[in-house]
Amino acid sequence: MFAAIEQGLPLVAQPYLAIAEQIDASEEQVTSTINHWQKQGVIRRFGLVIRHRKLGYVANAMVVWNVDDECVEDVAAILAKQKVVTLCYRRPRVLPEWNYNLFCMIHGKDRAQVIKQLDDMCQHGDLAGIEKKILFSNKAYKQRGGKYSQASASGN
Amino acid sequence: MDALDKRILNRTQRGIPVSEQPFADIASELDCSEDEVINKLQHMLDDGLLSRFGPMYDAASLGGAFTLSAMQVPEERFDEVTEIVNAFSEVAHNYKRQHRLNMWFVVACESQQEIQSVIKDIEQQSSLPVYDFPKEEEFYVGLYLPV
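Under an unreviewed UniProt entry, the name given to chain B is siroheme decarboxylase, and the organism recorded is Thalassotalea psychrophila. Checking UniProt for chain B, the heading Function (unreviewed entry) contains the comment "Involved in heme d1 biosynthesis. Catalyzes the decarboxylation of siroheme into didecarboxysiroheme." Taken from UniProt, the Pathway (unreviewed entry) comment for chain B reads in full: "Porphyrin-containing compound metabolism."

Per an unreviewed UniProt entry, chain A goes by siroheme decarboxylase and derives from Thalassotalea psychrophila. Check the Function (unreviewed entry) section of the UniProt entry for chain A; it says "Involved in heme d1 biosynthesis. Catalyzes the decarboxylation of siroheme into didecarboxysiroheme." You can read under Subunit (unreviewed entry) in the UniProt record for chain A the words "Probably forms a complex composed of NirD, NirL, NirG and NirH. All proteins are required for the total conversion of siroheme to didecarboxysiroheme."

Below is the structure:
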């Protein structure tokens, strides 16, 4: 079943029934397994995998923050609420080269828009005083690869 | 892309119902027909706007291991080092970014050990250090790009 849905659902009126027929199971077995995996978090999201560059989302910025360790949760909660933030992770500092311990991604249609969205974000909340850096990507040299790449948006 | 394409794209990004006729459910929400939803999604797949639709697995809960890595690559060596790094099948999403650490990529393996060995190999082949930024805590993942 895992293999059957890995490449995506068939685009037919009853896709779960189609999968069930492929693997010799009942439709109910397929849907209850999917629901179970979603509850467990094995399936993180069940939706579209879109090519964001093709939709005009060509500016992809990694914004990194140097947050006091005891405030990371609070700041992350503020970031996670922002509509434009698509990912937010805590990662280790690597001193002395790298001071930043909170990473988020903002996807936008151009750099000016991303900068404005970041400025707007920093107007409210307690974000204004935090040291941060915005790292735009110049070029996507490789967008796929890796055995589990379909599951990971973590560096995207 | 017409207005209905956009509504279908925005609606389905948020998730596909797990029901007998998921596209009919979406159609009734969007006030169009089931055929329209299916046909329009098929067009978007054919046009390459969508790569697929269905499950996004959480690789960590399947036993996979990831890290975000960065390198400081001298400008004149950038192409050469890109080739070295991208040759690893474990490397995904390699981006050039504007910073002293100018190359950022994800390493995806089945185990932590493999990650460390890939990083070591990249360091050896490039003669450059690789900085390792594994995810310590995940606060939010919700890639939603309204059109």
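Turning our eyes to something else, we now look at the interface of chain B and chain A. A common way to report how large an interface is uses the accessible area buried once the components associate. Facing 75 residues of chain B, the contacting portion of chain A comprises 80 residues. For the chain B and chain A pair, buried surface summed over both sides reaches about 7700 Å², with 60% attributable to carbon and sulfur atoms. It is Met56, Tyr57 and Tyr95 of chain B that lose the most area in chain B upon contact with chain A, and together they represent 11% of the buried surface on that side. At the junction of chain B with chain A, the criterion picks out two salt bridges. One salt bridge in this structure joins glutamate 136 of chain B and arginine 90 of chain A, with 3.8 Å as the shortest N-O distance. Taken together, the connections running from chain B to chain A amount to 13 residue pairs in polar contact (both at pLDDT 80 or more).

Next up on the list: the packing of helix α1 (residues 3-13) of chain B against helix α2 (residues 22-30) of chain B. Residues and elements named next belong to chain B. Contact pair α1 / α2: the axes reach a minimum separation of 11 Å and the direction vectors enclose 120°. Classified by the angle their axes make, α1 and α2 are oblique. The way α1 lies across α2 gives a crossing that is right-handed. Counting all contacts with α1, which are made through Arg7, Ile8, Arg11 and Thr12, the residues of α2 involved are Ile26, Glu29 and Leu30.

Feature annotation in UniProt assigns "domain: Siroheme decarboxylase AsnC-like ligand binding" (unreviewed entry) to the following positions: residues 67-137 of chain B. Segment residues 67-137 of chain B splits into 34% helix and 32% strand. End C-alpha atoms: 12 Å apart.

Given two aromatic rings, one states the distance between the centres and the angle between the planes to describe the pair. For the structure shown, the criterion picks out eight aromatic pairs over all chains. For the pair tryptophan 98 of chain A and tryptophan 104 of chain B, a centre-to-centre distance of 5.1 Å together with 55° between the ring planes defines the contact as tilted. One end of the pair, tryptophan 98 of chain A, is in the loop between β3 (85-90) and β4 (102-108); the other, tryptophan 104 of chain B, is in strand β4 (residues 103-109), on a second chain. Judged by its relative accessible area of 0%, tryptophan 98 of chain A falls in the buried class. Seen from their ring centres, tryptophan 104 of chain B and phenylalanine 133 of chain B are 5.4 Å apart, and the 20° between their planes marks the pair as stacked. One end of the pair, tryptophan 104 of chain B, is in strand β4; the other, phenylalanine 133 of chain B, is in strand β5 (residues 131-133), with 29 residues separating them in the sequence. The residues tryptophan 104 of chain B and phenylalanine 133 of chain B share a single accessibility class, namely buried. Linked through ring pairs, Trp98, Tyr100 and Phe103 of chain A together with Trp104 and Phe133 of chain B together constitute an aromatic cluster.

Moving on to the pattern of salt bridges. Tallying each qualifying case throughout the model produces eleven salt bridges over all chains. As a salt-bridge pair, arginine 93 of chain A and aspartate 69 of chain A come within 2.9 Å of each other at their nearest N and O atoms. Note that arginine 93 of chain A is positioned in the loop between β3 and β4 and aspartate 69 of chain A in the loop between β2 (59-66) and α4 (72-81), a separation of 24 residues in sequence. Judged by relative accessible area, which is 44%, aspartate 69 of chain A ranks as partly exposed. Each of Asp69, Arg90 and Arg93 of chain A together with Glu136 and Glu137 of chain B takes part in a single network of salt bridges with overlapping partners.

Counting 36 residues, the largest nonpolar core has Ile5 and Leu9 of chain A together with Val37 and Leu41 of chain B as its most contacted members. Those elements that provide at least two residues to this core are α1 (2-6), α2 (15-23), α3 (27-40) and β1 (43-50) of chain A together with α1, α2, α3 (34-47) and β1 (50-57) of chain B. Every residue in contact with leucine 9 of chain A, bar those within four places of it in the chain, is listed here: Pro15, Tyr16, Ile19 and Phe46 of chain A together with Ile16, Phe53 and Gly54 of chain B. Counting residues in hydrophobic clusters, the runner-up holds 23 residues, among them Ile106, Leu118, Leu127 and Ile130 of chain A.

Here the focus is α1 of chain B. Among the eleven residues in α1 of chain B, eight count as buried, and that is most of the element. Those residues of α1 of chain B that sit buried are Leu4, Asp5, Ile8, Leu9, Asn10, Arg11, Thr12 and Gln13 of chain B. Those residues of α1 of chain B hidden inside the fold are in contact with β1 of chain A together with α2, α3 and β1 of chain B. Where α1 of chain B starts, the residue carrying a side-chain oxygen 3.1 Å from the main-chain nitrogen of leucine 4 of chain B turns out to be aspartate 2 of chain B. Directly beyond the C-terminal end of α1 of chain B, a positive phi value near 135° is found at glycine 15 of chain B.

Here is what the cut-offs are and how they apply
- Residues numbered from 1 in each chain as written.
- Chains lettered and ligands numbered in written order.
- Predicted model: local features only at pLDDT ≥ 70, side-chain atom pairs only at ≥ 80, totals over all residues.
- Heavy atoms only, no water.
- UniProt positions renumbered as here; feature names shortened; annotations may be inferred.
- Contact = heavy atoms within 4.5 Å.
- Buried area = accessible area lost by both parts, 1.4 Å probe.
- Salt bridge = Lys/Arg side-chain N within 4 Å of Asp/Glu carboxyl O.
- Polar contact = N/O pair within 3.5 Å; in protein donor to acceptor, adjacent residues only side chain to side chain.
- Axes fitted to C-alpha atoms, helices over the stretch in contact; angles between N-to-C directions.
- Helix = DSSP H or I, 4+ residues; strand = E, 2+ residues; numbered from the N terminus.
- Parallel < 35°, antiparallel > 145°, perpendicular 65-115°, else oblique.
- Left-handed = near helix turned anticlockwise from the far one by under 90°.
- Phe/Tyr/Trp six-rings, centres within 6.5 Å; stacked < 30°, edge-to-face > 60°.
- Buried < 20%, exposed > 50% of the residue type's maximum accessible area, 1.4 Å probe, protein only.
- Core = buried A, V, L, I, M, F, W, Y, C linked by side-chain atoms within 4.5 Å.

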